[in-house]
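One letter stands for each residue in the lines below.
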Amino acid sequence: MSDQIKFIVDNLNKEPFRKSYNLITFDSLEPMQLLQVLNDVLAEIDPKQVVDIREEMPEQTAKRMLSLLGILKYKPPGNATDMSTFRQGLVIGSKPVIYPVLHWLLQRTNELKKRAYLARFLIKLEVPNEFLQDETVADTNKQYEELMEAFKTLHKECEQLKTSGFSTAEIRRDISAMEEEKDQLIKRVERLKKRVETVQNHQRMLKIARQLRVEKEREEFLAQQKQEQKNQLFHAVQRLQRVQNQLKSMRHAAADAKPESLMKRLEEEMKFNSYMVTEKFPKEIENKKKELHFLQKVVSEPAMGHSDLLELESKINEINTQINQLIEKKMLRNEPIEGKLSLYRQQASIISRKKEAKAEELQETKEKLASLEREVSVKTNQAREFDGTEVLKGDEFKRYVSKLRSKSTVFKKKHQIIAEFKAEFGLLQRTEELLKQRLENIQHQLQTIEEKKGISGYSYTQEELERVSALKSEVDEMKGRTLDDMSEMVRKLNSLVSEKKSALAPVIKELRQLRQKCQELTQECDEKKSQYDSCAAGLESNRSKLEQEVRGLREECLQEESKYHYTNCMIKNLEVQLHRAVDEMKAYVSSDQQEKRKAIREQYTKNIAEQENLGKKLREKQKAVRESHGPNMKQVKMWRDFEQLMECKKQCFLKQQNQTSIGQVIQEGGEDRLIL
């Protein structure tokens, strides 16, 4: 039974009913409301059933529903005694009777719509045999049966055409377009034949042109195949690149990972996905459905003016004041158990809101990550197509950029040094050339002087000794300079470290105080925030509870009001019927003949007798007309022939008067004689 109710509620909440029931509200419906729901379902199947139950008598409602269920071939469970209980339960709106009917109707709505449509044309009207004795009635009944058979065949053909998937309008347009193209092609072929017939060897040229056309078509087909294979290859390369990137990312993720961390990550993803599927997405779908239902309701309502808006605003203000009064009463009561439960509700609502917010942030981050990955893959493919090299990613790209920056700075420095060296090299090269020339001149002069004095080679030996002593002094000087530089650098570093320590000491002391103060303020902020969240959650829960109570009271008020109006209408109808029955009884029992004549029974018997007499007279008249129909038709034909004969004589007489007299006509004994 619960599965049956759940199926009914799910189908009633869908299109085209949109009832927004749940199991509790549907089960708590009154019999009158349940009958209205059943009537709405029947109206969806057969539009003639659109009726407000409150404006119709219960007997008429039951009779109408039973007739339609009989047409739809609904079989209630049980035997003949159960059939009587079924009718009685349908009249009073019993749940054990209504629920199976709703379940059966909602299971096969489309099939029943088709059955109800066909029933309008295929349910045969039973004509009594005594009426079929009449030829007119028999002919009409025969035509009715023939039309019913024709409707059956046409309906079958229509269903076949619907299932075939062809549209007659499209087929007609295609046929007309093809006929036009055919006519144009025939005309073009005829014109071309006339042109070609004058050319020599036109048959051979036509054969060659046919072969050329075939080869061109084959070439187009091969080019199309080549393009398709290129596209397939491109897609395959893209898939391979995506798979390689995924493999690389998975290897990179699994390089430093352990099985425990992987399992933990998978469990977190599974928890997140299950939360999204079981909690977040159903809530969002439900909210969207409610919003759509509300917007459709707003659209279906007529346009509202300024006065209507003011009236609605006043109603909203009144309801808000009532809600505030109820909140104040609730706060004045302030039961301890409710207070504890409110704290738990507040905490639960806060946690659920935080959870939803984090889930939304995670979902947005995942969507952004997916979009960025798609952009990166597109850019990577473009770069690979441009120069064929692999694009660096992540840390590799950062290392590459830092390396390029360091190399660029080194390159700039080296380039500047090289330029200075080049300029200095040019100067030194010129100086060297000049000095070499002077040295050669001096050496030449010195050699001539040494040869004159008899001490050749003395200058060379002296130069070597000076060079060796100079090298020794340079090395000694370099050693002393290096030691002095190192001692000076150590002294400077020690003094710099001591200066920095002395400068940072008050700043560090102040920073410690600020850190302590920051921790205190953070703790206080967290406490205030938790208090605020708990208070806001309590107010929110109280407001939602009061809204539910107000909604329940409104629904109860509407139900009671509808029951009140329905009861008043039933009482008035019963009073009218009772009054009519009392009057009829008085008139029937009365000894006065005039009063008896006023009774409805007497009037109906009198009307029946009058109608029977009238029918008898009409049948006698019909019989007389049928018997005299043949002779009368012959007499009419004879009169028409006589009229034509007289008209012909008239025309001949007029022609004779207009013409010149060529003789004399003598009429004797019913004969006409012409004497020339």
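Higher on the page you've got the structure.
Here's a quick rundown of the structure. This one's a predicted model, so the numbers in the text were calculated from it and none came from an experiment. Going along each chain's sequence as written, the residues are numbered from 1 onward. Under the rules for a predicted model, residues below a pLDDT of 70 receive no local features and side-chain atom pairs below 80 are neither given nor counted, while totals for whole chains, interfaces and linings still include all residues. Just so you know, side-chain values use all the structure's heavy atoms and leave hydrogens and water out.

A few words now on the overall build of the chain. Secondary structure follows DSSP: runs of H or I at least 4 residues long count as helices, runs of E at least 2 residues long count as strands, and numbering of each begins at the N terminus. In terms of regular secondary structure, the chain is built from 19 helices and 2 strands. Burial statistics for the chain: of 676 residues in total, 12% are counted as buried. Only the protein chains shown count as cover for residues, and all accessible areas are computed by the Shrake-Rupley method using a 1.4 Å probe. Accessible surface, the chain as shown: approximately 57900 Å² in total, 57% of it carbon and sulfur. Whether a residue is buried, partly exposed or exposed follows from its accessible area with a 1.4 Å probe, protein chains only, as a fraction of its type maximum: under 20%, in between, or over 50%, in that order.

Turning our eyes to something else, we now look at a negative patch on the surface. Patches here are clusters of residues that have more than 30% relative accessible area and form no salt bridge, with a 9 Å joining cutoff for like charges and a 5 Å cutoff for nonpolar side chains (Val, Leu, Ile, Met, Phe, Trp, Tyr). Here, a salt bridge means any side-chain nitrogen of Lys or Arg that lies within 4 Å of a carboxyl oxygen of Asp or Glu. Counting rule for charge: Lys and Arg are taken as positive, Asp and Glu as negative, and neither His nor the chain ends is counted. Positions of charges follow a simple convention, taking NZ of Lys, CZ of Arg, CG of Asp or CD of Glu. Judged by side-chain charge, Glu179, Glu180, Glu181 and Asp183 come together as a negatively charged surface patch. For Glu181, a relative accessible area of 48% puts it in the partly exposed group.

The description of an aromatic ring pair uses the distance of the two centres, along with the angle that the planes make with each other. Each pair of aromatic rings taken from Phe, Tyr and Trp, with Trp reduced to its six-membered ring, is defined by centres within 6.5 Å and is described as stacked if the planes are under 30 degrees apart, edge-to-face if over 60, and tilted in the remaining cases. Under the counting rule described, the total for this entry stands at 2 aromatic pairs. Arranged with centres 6.0 Å apart and planes meeting at 90°, the rings of Trp639 and Phe642 form a pair that is edge-to-face. Pair noted here: Trp639 and Phe642 are both in helix H19 (residues 629-658), with a separation of 3 residues, about one helical turn. Accessibility expressed as a relative area gives 55% for Trp639, which makes it exposed.

A few words now on the pattern of salt bridges. Evaluation of the coordinates by the stated rule reveals 11 salt bridges. Residue Lys436 is joined to Glu432 by a salt bridge in which the shortest nitrogen-to-oxygen separation is 3.1 Å. Remark: Glu432 and Lys436 occur in helix H15 (residues 394-453); sequence separation between them is 4 residues, near one turn of the helix. Judged by its relative accessible area of 45%, Lys436 is partly exposed. For Arg543, the salt bridge identified is with Glu540, shortest N-O distance 2.9 Å. In this pair, Arg543 and Glu540 both sit in helix H16 (residues 458-589), 3 residues apart, roughly one turn of the helix. For Arg543, a relative accessible area of 34% puts it in the partly exposed group. When salt bridges with common partners are traced through the structure, they connect Glu540, Arg543 and Glu547 into a single cluster.

Structurally, Thr61 can be placed in helix H4 (residues 58-71). Here Thr61 falls in the buried class, since its relative accessible area comes to 5%. There is a polar contact of 3.0 Å between the side chain of Thr61 and the backbone oxygen of Met57. The residues contacting Thr61, other than those within four sequence positions of it, are Ile53 and Glu56. The term polar contact refers here to a pair of N or O atoms within 3.5 Å; inside protein, the definition further demands a hydrogen-donor-capable atom paired with an acceptor-capable atom, and it admits residues adjacent in sequence only when both atoms are side-chain atoms. Here, residues are in contact when the closest pair of their heavy atoms is within 4.5 Å.

The subject of this paragraph is the nonpolar core. By nonpolar core we mean a set of buried residues, namely Ala, Val, Leu, Ile, Met, Phe, Trp, Tyr and Cys, connected to one another through side-chain atoms within 4.5 Å. In terms of nonpolar packing, the biggest core is built from 32 residues, with Leu12, Phe26, Leu38, Leu72, Leu102 and Leu105 touching the most fellow members. Elements with a minimum of two residues in this core: helix H1 (2-13), helix H3 (31-45), H4, helix H5 (80-92), helix H6 (95-107) and helix H7 (109-122). Here Leu72 is in contact with Ile45, Trp104, Leu105, Leu112, Arg115 and Ala116, once residues within four sequence places are set aside.

Under the 1.5 Å per step criterion, the end-to-end length of H1 is 16 Å for 12 residues, consistent within 8% with the ideal 16 Å. Turning to H1, the residues buried within the fold contact helix H2 (23-27), H3 and H6. Under the convention used throughout, the expected extent of a helix is 1.5 Å for every residue step, that is, one less than its residue count.

Together, Lys187, Arg188, Arg191 and Arg195 give the surface a local cluster of positive charge. Structurally, the position occupied by Arg188 is in helix H10 (residues 168-197).

A few words now on the environment of Lys289. Among the secondary structure elements, Lys289 is positioned in helix H12 (residues 259-300). Distance from Lys289 to Ser20, taken between C-alpha atoms, is 9.7 Å for residues 269 residues apart in sequence.

Let's shift gears to the packing of helix H18 (residues 600-627) against H19. Each axis is a line fitted through C-alpha atoms, and for a helix only the stretch in contact is used; angles between axes span 0 to 180 degrees, taken between their N-to-C directions. As a packed pair, H18 and H19 sit with axes 4 Å apart at the nearest point and diverge in direction by 45°. One element, H18, and the other, H19, form an angle in the oblique class. Only His629, Gly630 and Pro631 of H19 make contact with H18, whose side of the interface consists of Val625, Arg626 and Glu627. Note on residue categories: nonpolar means Ala, Val, Leu, Ile, Met, Phe, Trp, Tyr, Cys or Pro, charged means Asp, Glu, Lys or Arg, and polar means any other residue, Gly included. Looking at the contact of H18 with H19 residue by residue, the class counts come to 2 nonpolar, 2 polar and 2 charged. Angle categories: roughly parallel below 35 degrees, roughly antiparallel above 145, roughly perpendicular from 65 to 115, and oblique for all the rest.

The end-to-end C-alpha distance of H12 is 59 Å, a good match for the 62 Å that 42 residues give at a rise of 1.5 Å each. The sharpest bend along H12 comes to roughly 40°, located at Met276. If you check which residues of H12 are buried, you get Phe272, Tyr275, Met276 and Lys280. The bend at a residue is defined as the angle formed between two axes, one fitted to the seven residues ending at that residue and one fitted to the seven starting there.

Along the chain, Asn11 falls in helix H1. A relative accessible area of 17% places Asn11 in the buried class. At 2.7 Å, the side chain of Asn11 forms a polar contact with the backbone oxygen of Phe7. Beyond its immediate sequence surroundings of up to four residues, Asn11 is in contact with Phe17 and Leu106.

So, about a nonpolar patch on the surface. Together, Val277, Phe281 and Ile285 make up an exposed nonpolar region whose accessible area comes to about 270 Å². Positionally, Ile285 belongs in helix H12. Residue class for Ile285 comes out partly exposed when judged on its relative accessible area of 48%.

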